[in-house]
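# Fold and geometry: a report
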Amino acid sequence: MKQDELKKAVGWAALKYIKFNTIIGIGTGSTVSYFINALGSIKEKIIGVVSSSKNSSIQLKKVGIPIYNFNNIDNLDVYIDSADEIDKYMQMIKGGGGALTQEKILAFAAKQFICIIDSSKQVDILGRGPLPVEVIPMARSLVAKELIRLGGLPEYRYGVVTDNGNSILDVHNMNIINASLLEERINNIPGVVSVGIFAHRKADVVLISTKNGIKVLN
Ligand code: 5RP
């Protein structure tokens, strides 16, 4: 099975976790895009969604799913999103699509975080690929120097402006032994908006799409 087919299968499998008459948090990316299409097929059964990005909102509108302003929502039943990497503790690296800050906010707020991935996203130790960090543009150089002090090699994601008007640094070669501690350290650098380590707010359930079907971790 091709990676796209695996993503589609897990996007549709996530429908099982949607309760009727609830508001659902929606992540960003190609796997989530399959989930949005699937959600469209039961849109009359839910109240609506809160979106983590402009890109997801565009697709949600096309599918005809009502989008709510997060500031008016008290109760987010479930948050559905994918990840760039996930370890056996359900800690993740996210932000490949640059939407990490709003994703982190919705993940924090939701009662349950369901992570939908294809099996290529599973890693023994986080840090196989780059670690995205959203930064305030005027602090980019300061934050980059601090990330070098922490052992990483930051690379400016040229031409990318996040939905919040900020920049992204992709940090290579980061040694992520203690993901929670590194998440706190990077978050504490002035100018950092958020870091793509999701260790404090991990996934609660992981649906893994494999060539032999969907595996569930919880
Ligand atoms: C976006 C993300 C995505 O969840 C992550 O990049 C995975 O994307 P895809 O489903 O396209 O593989 O964190 O900011």
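For every chain, the first residue of its written sequence is number 1, and the numbers climb from 1 along that sequence. Residues qualify for local features only when their pLDDT is at least 70, as the model is predicted, and side-chain atom pairs are given and counted only at 80 or more; totals for whole chains, interfaces and linings, by contrast, use all residues. With hydrogens and water stripped out, all remaining heavy atoms of the structure feed into the side-chain values.

Under an unreviewed UniProt entry, the name given to the chain is Ribose-5-phosphate isomerase A, and the source organism is Blochmanniella vafra. The record in UniProt for the chain states the following under Pathway (unreviewed entry): "Carbohydrate degradation; pentose phosphate pathway; D-ribose 5-phosphate from D-ribulose 5-phosphate (non-oxidative stage): step 1/1." UniProt lists a comment for the chain under the heading Sequence similarities (unreviewed entry), and it reads "Belongs to the ribose 5-phosphate isomerase family." UniProt positions are given in the numbering used here, feature names are shortened, and annotations may be inferred rather than shown by experiment.

Here, a salt bridge means any Lys or Arg side-chain nitrogen found within 4 Å of an Asp or Glu carboxyl oxygen. Under the counting rule described, the total for this entry stands at eight salt bridges. Among the ionic pairs, Asp77 bridges to Lys111, the shortest N-O distance being 3.7 Å. Here Asp77 is found in the loop between helix H3 (54–63) and strand E3 (78–81), whereas its partner Lys111 is found in the loop between helix H4 (100–109) and strand E6 (112–118), with 34 residues between them in sequence. Here Lys94 makes a salt bridge to Glu103, at a shortest N to O gap of 3.0 Å. As far as the burial class goes, Lys94 and Glu103 line up, both buried. Because the salt bridges share partners, they merge into one network encompassing Lys19, Asp77 and Lys111. Labels follow the DSSP assignment, with helices taken as runs of H or I lasting at least four residues and strands as runs of E lasting at least two, numbered in each case from the N terminus. Only protein chains enter the accessibility calculation, which uses a 1.4 Å probe; a residue is then buried when its area is under 20% of its type maximum, exposed when over 50%, and partly exposed in between.

Attention now moves to the site of the ligand. In the region of the ligand, 17 residues are neighbours, and Ser30, Thr31, Asp84, Gly95 and Lys121 sit closest. Polar contact is defined as a pair of N or O atoms within 3.5 Å, subject to the rule that within protein one atom must be able to donate a hydrogen and the other to accept it, and that residues adjacent in sequence are counted only when both atoms are side-chain atoms. At 3.3 Å, a backbone N or O of Ser82 approaches an oxygen atom of the ligand. The backbone of Gly97 places a nitrogen or oxygen atom 3.2 Å from an oxygen atom of the ligand. All accessibility values rest on the Shrake-Rupley procedure with a 1.4 Å probe; residue burial counts only the protein chains present in the view. Against a free-state accessible area of 380 Å², the protein chains account for coverage of 91% of the ligand. Nearness here has a simple test: a residue counts as near a molecule or strand if at least one of its heavy atoms is within 4 Å of that partner.

Below, the discussion takes up the side chain of Glu103. The topology assignment puts Glu103 in helix H4. Given the relative accessible area of 3%, Glu103 is considered buried. Within the structure, the side chain of Glu103 is placed 3.0 Å from the side chain of Lys94, a separation counted as a polar contact. Here a residue-residue contact requires only that any non-hydrogen atoms of the pair lie within 4.5 Å. Residue contacts for Glu103: discarding those within four places in its chain leaves Gly27, Thr28, Ser52, Tyr79, Asp81, Lys94, Gly95 and Phe198.

Further remarks concern the pairing of E6. Burial within E6 is extensive, with six of its seven residues counted as buried. The sheet contact formed by E3 and E6 spans four bridges and is parallel. Pairing of Val78 across the sheet is with Gln112, part of E6. By definition, two strands form a pair when at least two bridges between them are found by DSSP.

Let's shift gears to the environment of Lys202. For Lys202, the position within the fold is in the loop between strand E11 (197–198) and strand E12 (205–210). The partly exposed category is assigned to Lys202, whose relative accessible area is 34%. When residues no more than four places from it in sequence are discounted, the contact partners of Lys202 are Tyr89, Met90, Gln91, Met92 and Phe113.

Quick look at the sheet that holds E12 now. Sheet architecture is open: six strands sit in the order E2-E1-E3-E6-E12-E13, paired in mixed fashion. Among the strands making up the open sheet, the edge pair consists of strand E2 (48–51) and strand E13 (213–217). Sheet twist, expressed as the mean angle between neighbouring strand axes with direction ignored, is 25°. To obtain an axis, a line is fitted to C-alpha atoms, over the contacting stretch when the element is a helix, and the angle between two such axes runs from 0 to 180 degrees between their N-to-C directions. Of the strands in this sheet, strand E1 (23–26) and E2 touch H3, which is tilted by about 160° from E2.

Our focus in this paragraph is H3. The complete set of buried residues in H3 reads Ser56, Ser57, Gln59, Leu60 and Val63. Along the axis of H3, the buried residues cluster in a sector spanning 165°; they form a single face. When the buried face of H3 is taken as reference, the exposed residues oriented beyond 90 degrees from it are Lys54, Asn55, Lys61 and Lys62. Turning to H3, the residues buried within the fold contact E1, helix H2 (30–40) and E2. The arc in question is the one spanned by the directions pointing from the helix axis to the C-beta atoms.

Moving on, we get to the sheet that holds strand E9 (residues 167–172). The strand order across the open sheet built from four strands is E8-E9-E7-E10, with neighbouring strands paired in antiparallel fashion. What marks the edges here is a single partner per strand, and that holds for strand E8 (153–156) and strand E10 (192–195). Taken pair by pair, the neighbouring strands of this sheet meet at an average axis angle of 30°, ignoring direction. Direction of pairing for strand E7 (residues 131–135) relative to E10: antiparallel, over a ladder of three bridges. Bridge assignment links Val135 to a residue of E10, and that residue is Val192. This element, H4, spans E7, E9 and E10 of the sheet and lies at about 65° to E10. Here helix H6 (residues 179–187) sits on the sheet in contact with E7 and E10, set at roughly 165° to E10.

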